[in-house]
Amino acid sequence: MTSAQVARNKETFRRLIEEAMPNGQLDVIRDMVTPECVTLRAGFANLYNAIGDAIPERGNFLNWLEAGWKPLSEAFGGQKMKVDHVVGDGDTVMMKWHMQILHRGPFAGAPATQKTIDWEEIGIAHFNEEGKIETLWFMCEELKLAVNIGYKLELA
């Protein structure tokens, strides 16, 4: 890929994370990804698995977004994302951002706390030649989020 394509991909991923997803701009998101775009790991995958939450860990990104975004956005209001670092090489972009939300509704079995919660998250996106995202992978500070929404740690 050319340096212009890498720069385009970095900007697309930044817009997806900072603008389109927090604002629920599904039509904009559909323009950024291929119809077959796959989420290889959702940001809260371990938390989802631990409690059997309805939001799937992996699968078609658009299906995941349509099924998972409504409960996520109802639980987490005032979403603010600020990209801290973004790097690109070839068809791959990796980004780290800071996420801040208001926990205003039930999430992952925990009732709303009305607390502002923040965490760090990273994501990796792979792009095709046309600049559309083909795969996504996310990892966030799940333990920090779980404790902040009221889960207690037990040592075995």
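Conventions we followed
- Residues numbered from 1 in each chain as written.
- Predicted model: local features only at pLDDT ≥ 70, side-chain atom pairs only at ≥ 80, totals over all residues.
- Heavy atoms only, no water.
- Pairing = 2+ DSSP bridges.
- Helix = DSSP H or I, 4+ residues; strand = E, 2+ residues; numbered from the N terminus.
- Contact = heavy atoms within 4.5 Å.
- Axes fitted to C-alpha atoms, helices over the stretch in contact; angles between N-to-C directions.
- Buried < 20%, exposed > 50% of the residue type's maximum accessible area, 1.4 Å probe, protein only.

1. Side note on the sheet that holds strand β3 (residues 76-89)
And then number 1: The six strands lie next to each other as β2-β1-β6-β5-β4-β3, forming an open sheet whose pairing is mixed. In the strand order of this sheet, the two ends are held by β2 (59-60) and β3, each with one partner.
And then number 2: For strand β5 (residues 116-127) and strand β6 (residues 133-140), the ladder comprises seven bridges, and the chain directions are antiparallel. Of the residues in β6, the one forming a bridge with Glu 121 is Cys 140.
And then number 3: The sheet contacts of helix α1 (residues 3-20) involve β3, β4 (92-103), β5 and β6, and relative to β3 the element is tilted by about 165 degrees.
And then number 4: Of the strands in this sheet, β1 (33-41), β2, β3, β4 and β6 are in contact with helix α4 (residues 61-75), which crosses β3 at around 135 degrees.

2. Remarks on the environment of Lys 144
And then number 1: Inspection of the secondary structure puts Lys 144 in helix α5 (residues 142-148).
And then number 2: Residue classification places Lys 144 among the partly exposed residues on the basis of a relative accessible area of 34%.
And then number 3: Separated by 27 residues in sequence, Lys 144 and Ile 117 have C-alpha atoms that sit 9.0 Å apart.
And then number 4: Residues in contact with Lys 144, not counting those within four places in the same chain, are Asp 118 and Trp 119.

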